[in-house]
Amino acid sequence: MKTALAVTAPGLNATIQDLGRPGYQSVGVTVGGALDPIMLRLANWLAGNGAGEGALEMRFSGPAFEVRGGSAHLALAGEGADIEMLPPYEGRHPAYRSFALQAGQRFRVVLKGGGPCYLAVEGGFEISAVLGSVSTLAACGFGGFHGRALLMGDVLPLRRSAPANGSFALRAPNFAQPEFIRVILGPQQGHFTADGLNTFLGESFTISHLSDRMGLRLEGPLVRHAKSFDLISDGNPHGAIQVPGSGKPIILMADRGTTGGYPKIATVISADLAPLGRLPPGEKLRFKAVTHEEAVAALRAQDALLASLKAAIAPYRDAKEELARALMEENIISGVADASA
Amino acid sequence: MLEPAASAPIWPRFLPCGDTALSVELGEEVNRAVSAKVVRLHRLLRQQPLDGVVETLPTFRSLLVQFDPRRTEPAILQDALTAIIAGMADAPLPSRRWTIPVCYAPELAPDIAEVAGLCGMSQAQVVECQSSAVYYVYMLGFLPGYGYMGDVPEALRLPRRRDPRTRVPAGSLAIATAFACIYTFDSPGGWHILGRTPLTFFDVGAPEPALLSPGDEVRFEPIPLEQFEALRGVRGGPQSRHNGTGR
């Protein structure tokens, strides 16, 4: 029987995401994809997958599942996240260490950090790509699992019914919260007053609770326009910071519209998009303008960090764990017997 | 980067959009000549991609050129793009012309009475006026497959509704300012709804998911409600692609 994860509690807006859907922006389809592509990659590598396999993106409140059919090999990546086994099973599985579960086992994802966390399964979820990606674009109802967040009762089929890999582990990486979010000014910094630019670069802003996968809305001092705030619409790159008439900046994130007509004062550098995606509502941030060369150096440093994290992922064996797993497997047998009685 | 003198704008103008994109502006205004340059550059870069360019996104007067900064750099792209633009033909853009059936029946056109009132026309005159123009697809945006089609005849130009709707049904034909659009998904929207097309404008299963492309020409053909029902959900294709249908 096919292995599947049955949703016994949906959590909050848990969606399947991969590295996005490039290539269709000219027809209005945004790139989308994981808010934190670094964590997505880590989860996938730990599960024995390629970097860009679709995984569950979860934030603030995690879902709960029951394994059905066969066995599964799972990996969780994200700050402050772990897996709690649900009765009659016991124990926890930390993030950054993959683990196997058997049919009948139930667990929930516990999220304590503010950033998105990713649950990857070895071989990936059996979900058809839409326009080359399994990323969920909820606003349009396509991609991922039926184009939407998980609901109670959903059954997510896995491509692989019996895992081929043993566990992998990585020492929990410590992604320090950045002191600044680095930006390159433009394309429309000329539409702001000198005071507006000083406010933008000198003051701190707070991420509003109205933020979502489309954009981070910022509360704080108002960023004043010098000219009209209604422009001829142009393209919205990931990380563009638009300032509508209210003077409150919005950072355009994964599910942004492809085009927009508000002046964009600056654009977050690509190396800071993942750290930015990790910042939760209520968090404060400050911007710092950098040059293109500095941005590219930061991107290369991030590439090197990712390569070193990938290289540090190693098979995991632990005598206690092995014993615990053996005991758990016995539990399953009695659990299955109970269920069919 | 050189700042063009305000009195004599020099096109193209390159604007940085972070470390992975450049906005290439090709004119000051929204018009078909500027748009044709944008679309032409977009098509050229699709046929012969520049090293390091990953995707281009055409908008009214600019092309967003997205690149991998590990593989190229803005100065190299600017030089290459400047040369390509200088060598671009000025001839009209080869483009497709679509005839889109639209039913303007009141049950599918919640704003037609109000628009008629605001423009001092009868409802029949609104239909006649709106469907007599040949529209041009400047760009796609807002929703997948959603084209900004201009230009709405002067007599029908209205600002957006003060009270946007939370849900406009997919297929709705709507107008605001100089533009007409077809809502490709059920979505919130603030434009004036004049009718609905039975055709599907965006199909994720199709090799070319969007019916419209920037640079296409479109005209609208009024159809009665029975025909709307009969055509419902038909994917726009050769059947909606007429070449000079006598209208």
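These numbers were taken from a predicted model, which means no experiment stands behind them.

Cut-offs used in this document
- Residues numbered from 1 in each chain as written.
- Chains lettered and ligands numbered in written order.
- Predicted model: local features only at pLDDT ≥ 70, side-chain atom pairs only at ≥ 80, totals over all residues.
- Helix = DSSP H or I, 4+ residues; strand = E, 2+ residues; numbered from the N terminus.
- Rg over C-alpha atoms; globule rule 2.2 N^0.38 Å.
- Buried ≥ 20, exposed ≤ 12 C-beta atoms within 10 Å, placed from the backbone.
- Contact = placed C-beta atoms within 7 Å.
- Domains from an automatic or database assignment.
- Nonpolar A, V, L, I, M, F, W, Y, C, P; charged D, E, K, R; others polar.
- Pairing = 2+ DSSP bridges.
- Axes fitted to C-alpha atoms, helices over the stretch in contact; angles between N-to-C directions.
- pLDDT = per-residue confidence, 0-100.
- Core = buried A, V, L, I, M, F, W, Y, C linked by C-beta atoms within 7 Å.

Caption draft 1: Region of the structure containing the overall build of chain A. In terms of helices and strands, chain A carries five helices and 22 strands. Taken over C-alpha atoms, the radius of gyration comes to 22 Å for chain A, in line with the 20 Å a tight globule of 341 residues would show. Taking the principal axes of the C-alpha coordinates as reference, chain A spans close to 75 × 35 × 30 Å. Counting all 341 residues of chain A, 49% fall into the buried class. In chain A, the share of contacts with a sequence separation of at least 24, taken over all contacts with a separation of at least 6, comes to 77%.

Caption draft 2: Structural context of the overall build of chain B. For chain B, the helix and strand inventory stands at five helices and 13 strands. Relative to the compact-globule value of 18 Å for 247 residues, chain B shows a C-alpha radius of gyration of 20 Å, a close match. Expressed along its principal axes, the backbone C-alpha trace of chain B runs to roughly 55 × 40 × 35 Å. Each of the 247 residues in chain B was classed as buried or not, and the buried ones make up 43%. Of the contacts formed within chain B by residues at least 6 apart in sequence, a portion of 63% connects residues at least 24 apart.

Caption draft 3: Expanded view of the domain arrangement of chain A. Residue and element names in this part refer to chain A. You can read the domains of chain A as domain 1 (4–168 + 317–340) and domain 2 (181–304). Each of domain 1 and domain 2 has a C-alpha centre, and the two are 31 Å apart. Contacts between domain 1 and domain 2 engage 16 residues on the former and 14 residues on the latter. For the side of domain 1 that touches domain 2, the per-class residue count stands at seven nonpolar, eight polar and one charged.

Caption draft 4: Up close: unusual backbone geometry. Residues and elements named next belong to chain A. Omega for the peptide link from Pro87 to Pro88 comes to 5°, which places this bond in the cis form. Inspection of the secondary structure assignment puts Pro88 in the loop between strand E6 (81–85) and strand E7 (92–94). Gly186 connects to Pro187 through a cis peptide bond whose omega is 10°. Positionally, Pro187 belongs in the loop between strand E13 (181–185) and helix H2 (194–202).

Caption draft 5: Region of interest: the sheet that holds strand E4 (residues 64–68) of chain A. Residue and element names in this part refer to chain A. Taken in spatial order, the six strands line up as E7-E6-E9-E4-E1-E11 in an open sheet, and their pairing is antiparallel. Each of the sheet's edge strands pairs with one partner strand only, and the pair in question is E7 and strand E11 (155–157). Averaged over all neighbouring strand pairs, the angle between strand axes comes to 25°, with direction disregarded.

Caption draft 6: Highlighting the confidence of the model for chain B. All names here are of chain B. In the predicted model, chain B carries a mean pLDDT of 91, and the fraction of residues at 70 or more is 91%. Note that pLDDT drops below 50 for residues 237–247; the model gives that stretch twelve contacts with residues more than four away or on any other chain. The ipTM for the predicted assembly is 0.91, set against a pTM of 0.91.

Caption draft 7: Up close: the sheet that holds strand E17 (residues 240–242) of chain A. Residue and element names in this part refer to chain A. Here seven strands make up a closed barrel; going around it, the order is E13-E20-E17-E18-E15-E14-E21 and the pairing mixed. Between one strand and the next, the sheet's axes are offset by a mean angle of 40°, whatever the strand orientation. The pairing of strand E14 (residues 204–207) with strand E21 (residues 284–289) spans three bridges and is classified as antiparallel. Paired with Ser204 across the two strands is Arg286, which belongs to E21.

Caption draft 8: The pairing of strand E9 (residues 106–111) of chain A, seen in detail. Residues and elements named next belong to chain A. Here E9 shows a clear split, with Phe107, Val109 and Leu111 buried on one side and none of Arg106, Arg108 and Val110 buried on the other. Pairing of E4 with E9 involves three bridges; the strand directions are antiparallel. By the bridge assignment, Glu66 is partnered in E9 with Arg106. Where E6 lies against E9, five bridges are found, and the strand directions are antiparallel. Bridging across to E9, Glu84 finds its partner in Arg108.

Caption draft 9: Layout of the domain arrangement of chain B. All names here are of chain B. Entries for chain B in the domain assignment read domain 1 (13–86) and domain 2 (97–240). A separation of 29 Å is found between the C-alpha centroids of domain 1 and domain 2. Contacts between domain 1 and domain 2 engage eight residues on the former and five residues on the latter. Ranked by residues supplied to the side of domain 1 that touches domain 2, first place goes to helix H1 (residues 32–47) with four residues.

Caption draft 10: Looking closely at the pairing of strand E3 (residues 55–58) of chain A. Residues and elements named next belong to chain A. Here three bridges tie strand E2 (residues 15–17) to E3, and the two strands are oriented antiparallel to one another. Bridged to Ile16 within E3 is Leu56. Note: E3 against strand E10 (residues 117–121), three bridges, orientation antiparallel. Looking across to E10, one finds that Met58 is bridged to Cys117.

Caption draft 11: Just the nonpolar core, in detail. Ranked by internal contacts, the top residues of the largest apolar core, which has 104 residues, are Ala43, Leu46, Leu76, Ala77 and Tyr118 of chain A. In terms of residue count, the dominant contributor to this core is helix H1 (residues 37–46) of chain A (seven residues). If we ignore the near neighbours within four places in the chain, the residues touching Tyr118 of chain A are Ala34, Met39, Leu40, Ala43, Ala55, Leu56, Glu57, Ala77 and Gly78 of chain A. If you look at the next biggest cluster of nonpolar residues, it comprises 52 residues, including Cys103, Tyr135, Ala174 and Ile193 of chain B.

Caption draft 12: Expanded view of the interface of chain B and chain A. Across the contact, 37 residues belong to chain B and 33 residues belong to chain A. Only strand E1 (13–16), strand E2 (21–25), strand E3 (53–58), strand E4 (62–67) and strand E6 (135–140) of chain B provide two or more residues apiece to the side of chain B that touches chain A. Counting residues per element, the side of chain B that touches chain A draws most heavily on E3 of chain B, which supplies five residues. In terms of residue class, the side of chain B that touches chain A is built from 23 nonpolar, ten polar and four charged.

Caption draft 13: Quick look at the environment of Ala91 of chain B. Checked against the element boundaries, Ala91 of chain B lands in the loop between helix H2 (74–86) and strand E5 (97–102). Between the C-alpha atom of Ala91 of chain B and that of Gly52 of chain B, which follows or precedes it by 39 residues, the distance is 29 Å.

Caption draft 14: Molecular detail of the environment of Val121 of chain A. All names here are of chain A. Structurally, Val121 is set in strand E10. Val121 sits in the buried class, given 29 other C-beta atoms within 10 Å. Taking the C-alpha atoms as reference points, Val121 and Phe200, 79 residues apart in sequence, are found 42 Å from one another. Beyond its immediate chain neighbours, meaning those up to four positions away, Val121 contacts Ala47, Ala72, His73, Leu74 and Leu158.

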